Amino acid sequence: MIHFYHVTKKFDLYSTALQDVTFHVEKGEFVFLTGASGAGKSTLLKLILRQIRPTEGQIVVNGRNLNAMKRNHLPFFRREIGMVFQDFKLIERMTVFENLSFILTVLNVAPREHKKKAYQVLRAVNLHHKLNAYPPQLSGGEQQRVAIARALINDPLVLIADEPTGNLDPDLAQEIMQIFGDAHLRGSTVLLATHDRDLIQVSGRRTLVLDQGRLIEEKPAVVERPARTDGVFGLS
Ligand SMILES: Nc1ncnc2c1ncn2[C@@H]1O[C@H](COP(=O)(O)OP(=O)(O)OP(=O)(O)O)[C@@H](O)[C@H]1O
Ligand SMILES: [Mg+2]
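Reading guide: rules and limits
Residue numbers run consecutively from 1 along every chain, following the written order of its sequence. Note on labels: chains are lettered from A, ligands numbered from 1, in written order. Totals for whole chains, interfaces and linings use every residue, but because this is a predicted model, local features are given only for residues with pLDDT of at least 70 and side-chain atom pairs only at 80 or more, for both listing and counting. Excluded from the side-chain calculation are hydrogens and water; included are all heavy atoms of the structure. Each residue is assigned to one of three classes by its accessible area relative to the maximum for its type, calculated with a 1.4 Å probe on protein chains only: buried under 20%, partly exposed between the two thresholds, exposed over 50%. Secondary structure elements are defined from DSSP: runs of H or I of at least 4 residues count as helices, runs of E of at least 2 residues count as strands, and each element is numbered from the N terminus. Whether two strands pair comes down to DSSP finding at least two bridges between them. Here a residue is considered near a molecule or strand provided that any single heavy atom belonging to it is located within 4 Å of it. Under this definition, polar contacts are N or O atom pairs within 3.5 Å; protein pairs additionally need one hydrogen-donor-capable and one acceptor-capable atom, and for neighbouring residues in sequence, both atoms have to be side-chain atoms. With residues, only the protein chains shown are counted as cover, and all accessible areas are computed by Shrake-Rupley using a 1.4 Å probe. Side-chain classes follow a simple rule in which Ala, Val, Leu, Ile, Met, Phe, Trp, Tyr, Cys and Pro form the nonpolar group, Asp, Glu, Lys and Arg form the charged group, and the remainder, Gly included, forms the polar group. For Na, K and Ca the donor cutoff is 3.2 Å, while for all other metals N, O and S atoms count as donors only within 2.8 Å; water does not appear among the atoms, so some sites may look incomplete. The term salt bridge refers to a pairing of a side-chain nitrogen on Lys or Arg with a carboxyl oxygen on Asp or Glu at a separation within 4 Å. To define axes, lines are fitted to C-alpha atoms, for helices over the stretch in contact only, and angles between the resulting N-to-C directions are given on a 0 to 180 degree scale. Here the angle decides the label: under 35 degrees means roughly parallel, over 145 means roughly antiparallel, 65 to 115 means roughly perpendicular, and every other value means oblique. Any two residues whose heavy atoms approach within 4.5 Å at even a single point are treated as in contact.

Engineer: How would you explain the pairing of strand 6 (residues 81–84) if you had to name every residue and give the values?
Structural biologist: Burial along strand 6 is two-sided: Ile-81 and Met-83 facing one way and Gly-82 and Val-84 facing the other are all buried. With four bridges joining them, strand 6 and strand 7 (residues 158–162) adopt parallel strand pairing. Across the sheet, Val-84 pairs through a bridge with Ala-161, a residue of strand 7.

As structure tokens, this is what we get:
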């Protein structure tokens, strides 16, 4: 679903944000991306959306070679991807509902369905009472949850999130992880960047680790084996 082949990204002559990065995320996977500040996490996610282009290497997302994709195909390509940005990117002069409705219009969802879809997804992030608030009237964590709601609203094929729990307290962070887990169960392929090693550890999911632009480690998902019980399927 997401394939990087020897991808290097230099923003200028002196700094290399990503260096020869190769990895694959298969359809239906849930993968974490971690590494210190400046390691290249946001750069990697921006490359997937083709907000920026690689200096070297190939990227294929959902069967499309991003180097070869024409500009006029970008909107169609991006419709299949839900993205939670590190800085939220909510439209400040629009209410929460209008922010969501705007995206649904872009996604070609009929206007009569907007209220229902917006309410459903806001319930999932526990913000249904803030439908008519403007982003500046919300706390950082609330804005973050609206940004998550917006990314989830149409069950995207690929869900990409950049530090989606960065401003949240641990309880709320767990709830948000649950929401991503649910989206994954509904069929989205998820790639989630976070600093939070604890969050990754408890999840037991496959993890890509960046260090100064290099992919240094791949931890496989921990497969939980059910406790052994006596008798077949524990029936005795
Ligand atoms: N537009 C840009 N122009 C120049 N350098 C950039 C640009 N964007 C990122 N960089 C550099 O690329 C490197 C990787 O940045 P990136 O934002 O991908 O890190 P990150 O892992 O997301 O960090 P954080 O955890 O702080 O969000 C950094 O050294 C950063 O300064
Ligand atoms: Mg970042």
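Engineer: How would you summarise the site of ligand 1 if you had to cite specific residues and measurements?
Structural biologist: Close to ligand 1 lie Phe-11, Ala-17, Ala-36, Ser-37, Gly-38, Ala-39, Gly-40, Lys-41, Ser-42, Thr-43, Gln-86 and His-195, which account for all nearby residues. Taking Ser-37, its side chain carries an N or O atom lying 2.6 Å from an oxygen atom of ligand 1. For ligand 1, whose free accessible area comes to 630 Å², the fraction covered by protein is 61%. At three residues, helix 1 (residues 41–48) tops the list of elements feeding residues into the shell around ligand 1. Taken together, the residues of the shell around ligand 1 break down into four nonpolar, seven polar and one charged.

Engineer: An account of the coordination of the magnesium ion (ligand 2) is requested, with residue identities and associated values reported.
Structural biologist: Distances from the magnesium ion (ligand 2) to its protein donors, Ser-42 (OG) and Gln-86 (OE1), fall within 2.0 to 2.4 Å. In this pair, Ser-42 sits in helix 1 while Gln-86 sits in the loop between strand 6 and helix 3 (96–106), placing the two residues 44 residues apart along the sequence. Using a relative accessible area of 19% as the deciding quantity, one classes Ser-42 as buried. According to the relative accessible area criterion, Gln-86 is partly exposed, its value standing at 44%.

Engineer: Which residues make up the pattern of salt bridges, and what are the values?
Structural biologist: Inspection of every chain in the model, using the stated rule, returns five salt bridges. Across the pair Arg-206 and Glu-29 runs a salt bridge, and its minimum N-O distance is 2.9 Å. Remark: Glu-29 occurs in the loop between strand 2 (16–25) and strand 3 (30–34) and Arg-206 occurs in strand 9 (residues 206–211); sequence separation between them is 177 residues. For Arg-206, a relative accessible area of 12% gives the class buried. We classify Glu-29 as partly exposed; its relative accessible area is 21%. Residue Glu-218 pairs with Arg-206 through a salt bridge whose shortest N-O separation is 2.9 Å. Residue Glu-218 is found in strand 10 (residues 214–219), and its partner Arg-206 is found in strand 9; the two are separated by 12 residues along the sequence. Counted as one network, the salt bridges with shared partners bring together Glu-29, Arg-206 and Glu-218.

Engineer: Got a sec to walk through unusual backbone geometry? Specific residues and values, please.
Structural biologist: The phi torsion at Asp-20 lies on the positive side, around 50°, for a residue other than glycine. Inspection of the secondary structure puts Asp-20 in strand 2. With a relative accessible area of 41%, Asp-20 lands in the partly exposed category. At Phe-88, a residue that is not glycine, the phi angle is positive and equals roughly 65°. Considering the arrangement of structural elements, one finds Phe-88 in the loop between strand 6 and helix 3.

Engineer: Talk me through the packing of helix 5 (residues 140–152) against helix 6 (residues 170–185); I want residue IDs and the actual numbers.
Structural biologist: Their axes nearest at 12 Å, the elements helix 5 and helix 6 cross at an angle of 5°. When the axis of helix 5 is compared with that of helix 6, the two are roughly parallel. Every residue of helix 6 that contacts helix 5 at Arg-145, Ile-148 and Leu-152 is listed here: Leu-172, Ile-176, Ile-179, Phe-180 and Ala-183. For the contact of helix 5 with helix 6, the class distribution of residues is seven nonpolar, no polar and one charged.

Read these as spatial facts, not as claims about activity.
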